[in-house]
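Next come the chains, spelled out residue by residue.
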Amino acid sequence: MGVLADSQKEGFGSSWGGLKSLVRRKQVDSAHSKRSGHHQLAKELTVPHLIAIGVGSTIGAGVYILVGTVAREHSGPALAISFLIAGIAAALSAFCYAELASRCPSAGSAYHYSYICVGEGVAWLIGWALILEYTIGGAAVARGISPNLALLFGGEDSLPIFLSRQYIPGLDVVVDPCAAILVFIVTGLLCVGIKESTFAQGIVTTANVCAMIFVIVAGGYLGYNTGWAGYKLPTGYFPFGVDGMFAGSATVFFAYIGFDSVASTAEEVKNPQRDLPLGIATALSICCGLYMLVSMVIVGLVPYYAMDPDTPISSAFASHGMQWAAYIITIGAVTALCSTLMGSLLPQPRILLAMARDGLLPSFFSDVNKSSQVPIKSTLATGLVAATLSFFMDVSQLAGMVSVGTLLAFTMVAISVLILRYVPPDEVPFPSSLQESIDSVTLRYSQRISGKNPEANPETSTFVDSSQPLLGNKNVAVDCLITEKQEAQAYWTLTEQNRRKIAGWTIMLLCVGAFGLTFAASNVWIPSLIRLTCCGVGGVLLLSGLIVLTCIDQDDARHNFGHTGGFICPFVPLLPIVCILINVYLLINLGAATWARVSVWLLIGVVVYVFYGRSHSSLLDAVYVPAAHADEIYRSSGDSLA
C-alpha cells in the first residue's frame, strides 16, 4: 500500500509526525499533473529577456562605488583578478542553478528545488529567507535612487519638494517620497505583464551597460595617453599580497548576486531546457566581463591609494579634466539602480505564488490574473511592503540580510544537485483521493513479485514449480553452505539500498565538515588547539566525502528525473562541494549583528510554519508510492492531479 505522509496516521505518535512533516518532498511538475483552480503564468520569455533580467538584477550602482573601496583596502591594481575569481565562484552556483532550473522549470527558484530534493522544512526556511532578501533589497535599492537622481538636477537639494527627502521631527525619521513612488511605478509595470516589464527592464539595463561601455572606452583612451599611472607603482601589482586579492574577491562576490532572479522566472520561459542555462550563463559572463574591464581601466587611471572611496569613477575622470563625465556616470548609476529595483521586485511574487500553491501560505498569493497571466495580488503586496519600507526607513544597515538569503539559496541549490545525482527522491506523492487506484496498482506489483500473477509480467515474475519437491534429491548441506556464502558476499557487496544510505550520510557529513572548517578558520578568537582540531576534522570530512562520492556510482534515476534534455552540471561531485564550501564561508563571515537580525526573522518564519504552513500543506494527506508505480497509477486513475 502507499505510505501516508502524515505519520500520525501510521501510529508513530504526534511528535514524530511533526518531525516527519519537515522532510516530506513534493513531486516535480510533470506532464500528467496540472494545478486545478490555478491559471498558469504566461510563457513569454526567451533568451534575450532572460539576459536582460540577469544583467539588470546583477549590475547595480554598487560597482560605481565598490571598485574604489576594494582597490584601496584589499586588491590594489589586482582588482580585475579579484572580480575574475569572484565571477568563477559565482559561476559554480550558476552551473547548479542551470541544471535544476532546466529540470524543474516552475516558479519558486531555490525554494522549489529545496522542496523537491531536501524537504518541506528546509524549503520553508529558504522561501522565508528569500522573502526577506527581496523585500529588504528592493527597499534599499529604492532608497538609494533619490540621492543619485538629485545629482542630475544640480545637487543634493535640487529635487522638487514632493520628491526630496524630508525629516519628520515627531517620528524622528527621514521619509523618501521618491523611493516609494518609484516602487509603485515598478510594481504597476510588473502587473501589466512579464513580457512588457522585461522589455522595460531591458531598455533601462541597456542604458546602464552603455554608461559602463563609455567608462571603458573613454577611460581606456585616457589611460593610453597618460601612460597608465596606476600600474606604474613601486608597490607592484599585489600591494596587499595574494591574501588581499582573495579578500577582495570575497567582497566583490556580492556584486554578482542577482542572476538567481533568472531562475525565478522558469515557469514563464518558452523553452526552459535550452533558454534558462543560456540566459544564466550569458548574463553572468556579461557582468563578469564588464566588471573586469571597468576595474582595469579605473585602477590604471589613478593610483589605488588615491582613489575616492565614494565616487571612484567620477573622481578618476575629473582628475584628468573630464568633469562632465560625471553626468554620464550618474545616469549609469541611476539606471543601474532602477534595473536592480525591478530585478528585486520581480522574483518575490513568484516565491509567494509557489509557497501558496503548496499550501504553506494563504491561497490569496497564488491567484494569477486571467488577462495578464501575472500574480497581481502577490505583486501588489510585495510593492506595498517595499514602498512602505523605502518611504519610512533607511534600510542600508540591513543590507547584509539580503546576502544571507542569497547565500542560503546558493548553498541549498548545490546540496540539491548532490541529492539529485546520488539520492534522488524514489517516492512520488499522490493525493489521498487516488487511494483506490494506488491500492490497485500496488496490489498488482505485489502479486508480480510474489509470483501469484506471473502472466502479468513473465519477464520479471518469480514463481515456484509445484510439480517438483521442495528438497528433491539435492544435498541440503551443500545448499546451506552455498546460501551462507551468498549471504556473506551480499553483505560486502554495495547494493542499491546501501549505496543510497552511504551517499545520503556522506552528503550530510560533507555539510557538517564545510561548516566546521569554515567556522574554525574564520574565527580567530577560538583557542588554537580547538581551532586546529575543528579545521582538521572538517577538512577530513570534506576530503573523505569527495572521495566516497567520486568512487560510488551516481543514481540511475538521475537520467529521467524531472524534465530531461537540458543542461547537466559538470564535475559532480567536486563542483557542488566547492560551491558549498565557498557559500558557507561567506555566510559565516557576514557578522554576528547580521545573523542576529536574520535569526529573528527566521524564528518568526518557524512560528508561521508551525501554526499555519504545516497544517495547510498540500502534502498533509499525501500518499507516497514508489516512483516506478507512478505512470501506471496515472493511467489507472485517468484523472489529473492537483
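Residues numbered from 1 in each chain as written. Predicted model: local features only at pLDDT ≥ 70, side-chain atom pairs only at ≥ 80, totals over all residues. Heavy atoms only, no water.

**Q** Hey, could you run me through unusual backbone geometry in this one?
**A** Peptide bonds are trans in most cases, and residues, glycine excluded, mostly fall at negative phi. Cis rather than trans, the peptide bond between V572 and P573 has omega equal to 15 degrees. Here P573 shows up in the loop between α21 (528-551) and α22 (574-588). Positive phi, close to 50 degrees, is recorded for W228, a residue that is not glycine. With respect to the secondary-structure elements, W228 resides in the loop between α9 (194-226) and α10 (241-252). For W228, a relative accessible area of 27% corresponds to the partly exposed category. (Helix = DSSP H or I, 4+ residues; strand = E, 2+ residues; numbered from the N terminus. Buried < 20%, exposed > 50% of the residue type's maximum accessible area, 1.4 Å probe, protein only.)

**Q** What is the right way to read the packing of aromatic side chains from this model?
**A** For the coordinates displayed, the defined rule picks out 23 aromatic pairs. Taking 6.5 Å as the distance between ring centres and 85 degrees as the angle between the ring planes, the aromatic pair formed by F253 and F410 counts as edge-to-face. Taken together, the residues span a long stretch of sequence, with F253 in the loop between α10 and α11 (260-264) and F410 in helix α17 (residues 399-422) at a distance of 157 residues. Grouping residues by exposure puts F253 and F410 together as buried. When the centroid spacing of 5.2 Å and the interplanar angle of 85 degrees are considered together, the rings of F364 and F365 count as edge-to-face. Residue F364 is classed as partly exposed on the basis of its relative accessible area of 40%. Each residue in the set Y97, Y113, F253, F254, F259 and F410 is aromatic and connected to the rest through ring pairs, giving one cluster. (Phe/Tyr/Trp six-rings, centres within 6.5 Å; stacked < 30°, edge-to-face > 60°.)

**Q** Even after reading the chapter, I still don't get the state of the cysteines, so can you show me in this structure?
**A** Each disulfide consists of a covalent bond between the sulfur atoms of two cysteine residues. Tallying each qualifying case throughout the model produces zero disulfides. Free of any disulfide, C288 has its nearest cysteine sulfur in C287, 8.7 Å distant. Its sulfur unpaired, C535 is 7.1 Å from the next cysteine sulfur, which belongs to C534. (Disulfide = S-S within 2.5 Å.)

**Q** Before we go on, may I ask you to explain the packing of helix α3 (residues 63-75) against α10 in this structure?
**A** When two helices pack together, you describe them by how their axes are tilted relative to each other and by the distance separating the axes. Where α3 contacts α10, the two axes come as close as 9 Å, and the packing angle between them is 150 degrees. By the angle between their axes, α3 is roughly antiparallel relative to α10. At the point where α3 passes α10, the crossing takes the right-handed sense. Residues L66, V70, H74 and S75 of α3 form the contact with α10, whose own contacting residues are G244, M245, A247, G248, T251 and V252. (Axes fitted to C-alpha atoms, helices over the stretch in contact; angles between N-to-C directions. Parallel < 35°, antiparallel > 145°, perpendicular 65-115°, else oblique. Left-handed = near helix turned anticlockwise from the far one by under 90°. Contact = heavy atoms within 4.5 Å.)

**Q** Can you help me understand the nonpolar core in this one?
**A** General note: in soluble globular proteins, nonpolar side chains tend to be found buried as a group. Judged by nonpolar contacts, the single largest core of 164 residues is most densely connected at Y64, Y97, I298 and F317. The element contributing the most residues to this core is α17, with 15 residues. In this structure, F430, L434, V623 and Y634 belong to the second largest nonpolar core, which totals ten residues. (Core = buried A, V, L, I, M, F, W, Y, C linked by side-chain atoms within 4.5 Å.)

**Q** What exactly am I supposed to notice about the pattern of salt bridges here?
**A** Side chains carrying opposite charge are able to pair once their charged atoms draw close together. Summed over the entire model, instances satisfying the criterion amount to 13 salt bridges. The residue R24 makes a salt bridge to E120 at a minimum N-O spacing of 2.9 Å. In this pair, R24 is assigned in the loop between α1 (14-20) and α2 (47-58) and E120 in helix α6 (residues 120-143), connecting sequence segments 96 residues apart. What makes R24 buried here is its relative accessible area of 5%. As a salt-bridge pair, D367 and K377 come within 2.8 Å of each other at their nearest N and O atoms. Separated by ten residues along the polypeptide, D367 in the loop between α15 (347-357) and α16 (376-392) and K377 in helix α16 bring together distant segments of the chain. Here the salt bridges share partners, and the residues they tie into one network are D426, E496, R499, R500 and D555. (Salt bridge = Lys/Arg side-chain N within 4 Å of Asp/Glu carboxyl O.)

**Q** Got a minute to help me understand the side chain of D555 in this structure?
**A** Structurally, the position occupied by D555 is in the loop between α21 and α22. Residue classification places D555 among the buried residues on the basis of a relative accessible area of 6%. At 2.7 Å, the side chain of D555 and the side chain of R499 are in polar contact. In this structure D555 touches R421, Y422, P424, E496, R499 and R500, once residues within four positions along its chain are discounted. (Polar contact = N/O pair within 3.5 Å; in protein donor to acceptor, adjacent residues only side chain to side chain.)

**Q** So what exactly am I meant to see when it comes to the packing of helix α5 (residues 110-117) against α17 here?
**A** Where α5 meets α17, the closest approach of the two axes is 9 Å, and the angle between their N-to-C directions is 35 degrees. Like other packed secondary-structure pairs, α5 and α17 cross with a definite hand, here left-handed. Contacts between α5 and α17 pair A110, Y113, S114 and C117 from the former with A409, M412, V413, S416 and I419 from the latter. Taken together, the residues of the contact of α5 with α17 sort by class into seven nonpolar, two polar and no charged. (Nonpolar A, V, L, I, M, F, W, Y, C, P; charged D, E, K, R; others polar.)

**Q** Sorry if this is basic, but what is going on with α16 here?
**A** Given 3.6 residues to a turn, an α-helix orients residues that are three or four positions apart in the same direction. If you check α16, its first and last C-alpha atoms are 24 Å apart, about what 17 residues at 1.5 Å a residue would give, namely 24 Å. Listed in full, the buried residues belonging to α16 are S378, T379, T382, G383, A386, A387, L389 and S390. Around the axis of α16, the buried residues are gathered within 165 degrees of arc, so they sit on the same side. Where the residues of α16 are buried, they touch α6, α8 (177-192), α14 (325-345) and α15. (Expected span 1.5 Å × (residues − 1). Arc of directions from axis to C-beta.)

**Q** I keep staring at the environment of C191 and nothing clicks. Help me out?
**A** Inspection of the secondary structure puts C191 in helix α8. Each C-alpha atom, one on C191 and one on S372, is 7.4 Å from the other, the two residues being 181 residues apart in sequence. If we skip the residues at most four places from it in the chain, C191 touches S372, V374, I376, T379 and L380.

**Q** Would you mind going over a nonpolar patch on the surface with me for this structure?
**A** A surface patch of nonpolar side chains, about 600 Å² in accessible area, is lined by Y231, Y237, F238, V242, F246, L293 and M296. Of all elements in the fold, only α10 and α12 (272-301) reach the threshold of two or more residues within the nonpolar patch. Of note, F246 is situated in helix α10. (Patch = residues over 30% accessible without salt bridge, like charges linked within 9 Å, V, L, I, M, F, W, Y side chains within 5 Å. Areas by Shrake-Rupley, 256 points an atom, 1.4 Å probe, with all protein chains shown as cover.)

**Q** What is the right way to read the environment of F561 from this model?
**A** Note on placement: F561 falls in the loop between α21 and α22. By relative accessible area, which is 9% here, F561 ends up buried. Put simply, F561 and D426 are 135 residues apart on the chain and 9.8 Å apart in space, counted from C-alpha to C-alpha. Once you skip the residues sitting within four places of it in the chain, F561 turns out to touch V28, R103, C104, I116, L420, P424 and P425.

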